[in-house]
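Summary of structural features
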Amino acid sequence: MNQISDEGYITADGRKIGAVMMEMKNITLRFGGVKAITDISFDIRQGEIRAIIGPNGAGKSSMLNVISGFYIPQEGEVWFHGKKRAPMRPFQVAQQGIARTFQNIALFEGMSVLDNVMTGRLTHMKSGMLSQAIWKGKAEREEVANREVVEKVIDFLEIQAIRKTPVARLPYGLKKRVELARALAAEPKLLLLDEPMAGMNVEEKEDMSRFILDVNDEFGTTIALIEHDMGVVMDLSDRVVVMDYGKKIGDGTPDEVRNNQNVIDAYLGVAHD
Ligand SMILES: Nc1ncnc2c1ncn2[C@@H]1O[C@H](COP(=O)(O)OP(=O)(O)O)[C@@H](O)[C@H]1O
Ligand SMILES: [Mg+2]
């Protein structure tokens, strides 16, 4: 990686990373007496694959939940595309082009893969019930456009063969892929993935890694992901934020954080003061 300038940088594998897209400034989040996040700042650049790592309970999911609007931090600011974001609800964040998957799969188990992926289009559906009744043509055109995006995503993630299958019948690895499909159906600018590979076998992890790289490459989607497997993080990510006990203890390229003594201590479980 070359030096980071305002405009961006070139990655080790030759990809062009752009300007800052999302900036978290001095974020603090408390749940009653529990401080899940303490004064953390970091940014995510256009086109980056940014990893957030750290031991269990470090505050990683909480941070993703702040970005996606599920939690409103008590302190700090969230900046998106150069503007300070007012506190907003998750659906408003989604409308800004931010989609996510969950640490625990959150799909409609009884519904088909296709119908689940279709729900990813909800933020794009402009025609309400009333306008649908008054002006059928517009709603139909919208429906066709939505279907096209959904079919494209289904092809891209190679789940054509299971499109009519109820999600409940799928193995775990495929459910995770369907969840990714639903997030991609929203055509996000920023994709948030909370442990997309947790609980997967080696082959499923390889598939998921490849899809994440392909999404970034083909659609230019910026990605922030939480991941435990250090090998995966090293392979996938351009820059890494390391959290421990709600604090940021490292931030840099995979090589930089791997050689950071605080990070090594946190992973080895060295006692903290
Ligand atoms: N909704 C919540 N209510 C109360 N405490 C929470 C909530 N969500 C997270 N926490 C606490 O915040 C801390 C960080 O949790 P989390 O962000 O899930 O960590 P990680 O994803 O890194 O494992 C933990 O101590 C956890 O118990
Ligand atoms: Mg978590």
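All values derive from a computational prediction rather than experimental measurement. (Residues numbered from 1 in each chain as written. Chains lettered and ligands numbered in written order. Predicted model: local features only at pLDDT ≥ 70, side-chain atom pairs only at ≥ 80, totals over all residues.)

Concerning the overall build of the chain
As a reminder, the rule being used: Secondary structure elements follow DSSP: runs of H or I of four or more residues count as helices, runs of E of two or more count as strands, with numbering from the N terminus. Radius of gyration: over C-alpha atoms. The globule rule applied is 2.2 Å multiplied by the number of residues raised to the 0.38 power. The burial criterion counts other C-beta atoms lying within 10 Å of a residue's C-beta, which is placed from the backbone; the residue is buried at 20 or more, exposed at 12 or fewer, and partly exposed between these limits. Residues are treated as contacting if the C-beta atoms built from their backbones sit within 7 Å of each other.
Helices and strands together make up the secondary structure of the chain, namely ten helices and twelve strands. Rg of the C-alpha trace for the chain: 19 Å, near the compact-globule value of 19 Å for 273 residues, within the 12% margin. The proportion of buried residues among the 273 residues of the chain is 36%. The contacts of the chain with a sequence gap of at least 6 include a subset with a gap of at least 24, amounting to 66%.

Remarks on the site of ligand 1
Here is the rule we go by: Here is the check we use: build the C-beta atom from the backbone, and if it is within 6 Å of the molecule or strand, call the residue near. Polar here means any residue outside two lists: the nonpolar Ala, Val, Leu, Ile, Met, Phe, Trp, Tyr, Cys and Pro, and the charged Asp, Glu, Lys and Arg; Gly therefore counts as polar.
Close to ligand 1 lie Phe 31, Val 34, Ala 36, Gly 54, Asn 56, Gly 57, Ala 58, Gly 59, Lys 60, Ser 61 and Ser 62. Breaking the shell around ligand 1 down by element, the ones donating at least two residues are strand S4 (34–45) and helix H1 (60–67). It is H1 that provides the largest number of residues to the shell around ligand 1, a total of three residues. Residues belonging to the shell around ligand 1 are distributed by class as follows: four nonpolar, six polar and one charged.

Here we look at unusual backbone geometry
Positive phi, normally seen in glycine, also occurs at His 81, with a value near 50 degrees. If you trace the backbone, His 81 turns up in the loop between strand S6 (75–80) and strand S7 (83–84). The phi dihedral of Tyr 245 falls on the positive side, at around 45 degrees, and the residue is not glycine. Note that Tyr 245 resides in the loop between strand S11 (239–244) and strand S12 (247–252).

Digging into the pairing of S12
Worth spelling out the cut-off: At least two bridges found by DSSP between two strands are what make those strands a pair.
Judged from the five bridges that link them, S11 and S12 form a sheet pairing that is antiparallel. Paired with Val 240 across the two strands is Gly 252, which belongs to S12.

Thoughts on H1
Most of H1 sits inside the fold, with seven of its eight residues counted as buried. Within the span of H1, buried status applies to Lys 60, Ser 62, Met 63, Leu 64, Asn 65, Val 66 and Ile 67. Looking one or two residues beyond H1, the residue adopting positive phi is Gly 69, at roughly 85 degrees.

A few points about the sheet that holds strand S9 (residues 190–194)
Rule in force here: Angles shown run from 0 to 180 degrees and are taken between the N-to-C directions of axes, each axis being a line fitted to C-alpha atoms and, for helices, limited to the stretch in contact.
Taking strand neighbours across the sheet as the criterion, the six strands line up as S8-S9-S10-S5-S11-S12 in an open arrangement whose pairing is mixed. Pairing within the sheet leaves two strands with one partner each, and these edge strands are strand S8 (98–101) and S12. Neighbour to neighbour, the strand axes of the sheet diverge by 15 degrees on average, direction disregarded. Contacts between H1 and the sheet are confined to strand S5 (49–53), S8, S9, strand S10 (222–226) and S11, with S9 contributing the most and set at about 155 degrees to the helix.

Re the nonpolar core
To be explicit about the condition: One nonpolar core equals one set of buried Ala, Val, Leu, Ile, Met, Phe, Trp, Tyr and Cys residues connected by C-beta atoms within 7 Å. For the domains described, the bounds stem from an automatic or database domain assignment.
In this structure, Ile 52, Val 117, Val 153, Ala 181, Leu 191 and Leu 192 are the most contacted members of the largest nonpolar core, which totals 62 residues. When residues of this core are assigned to their parent elements, the largest contribution, six residues, is made by helix H6 (residues 172–185). Viewed by domain, this core spans two of them, domain 1 (1–97 + 191–214 + 222–273) and domain 2 (100–187), each represented by three or more residues. If we ignore the near neighbours within four places in the chain, the residues touching Leu 191 are Ala 99, Ala 183, Val 215, Thr 221 and Ile 223.

Topic: the domain arrangement of the chain
Quite often, the size of an interface is put as the accessible area lost when its parts meet. Each assigned domain of the chain is listed here: domain 1 (1–97 + 191–214 + 222–273) and domain 2 (100–187). For domain 1 versus domain 2, the separation of C-alpha centres amounts to 26 Å. The interface is formed by 17 residues belonging to domain 1 together with twelve residues belonging to domain 2. Sorting the residues of the side of domain 1 that touches domain 2 by element identifies H1, helix H2 (90–95), S9 and helix H7 (202–219) as the ones contributing at least two each.

Topic: the environment of Asn 56
Within the secondary structure layout, Asn 56 lies in the loop between S5 and H1. Accessibility expressed as a C-beta count within 10 Å gives 6 for Asn 56, which makes it exposed. The sequence separation of Asn 56 and His 124 amounts to 68 residues, and the corresponding C-alpha distance is 35 Å.

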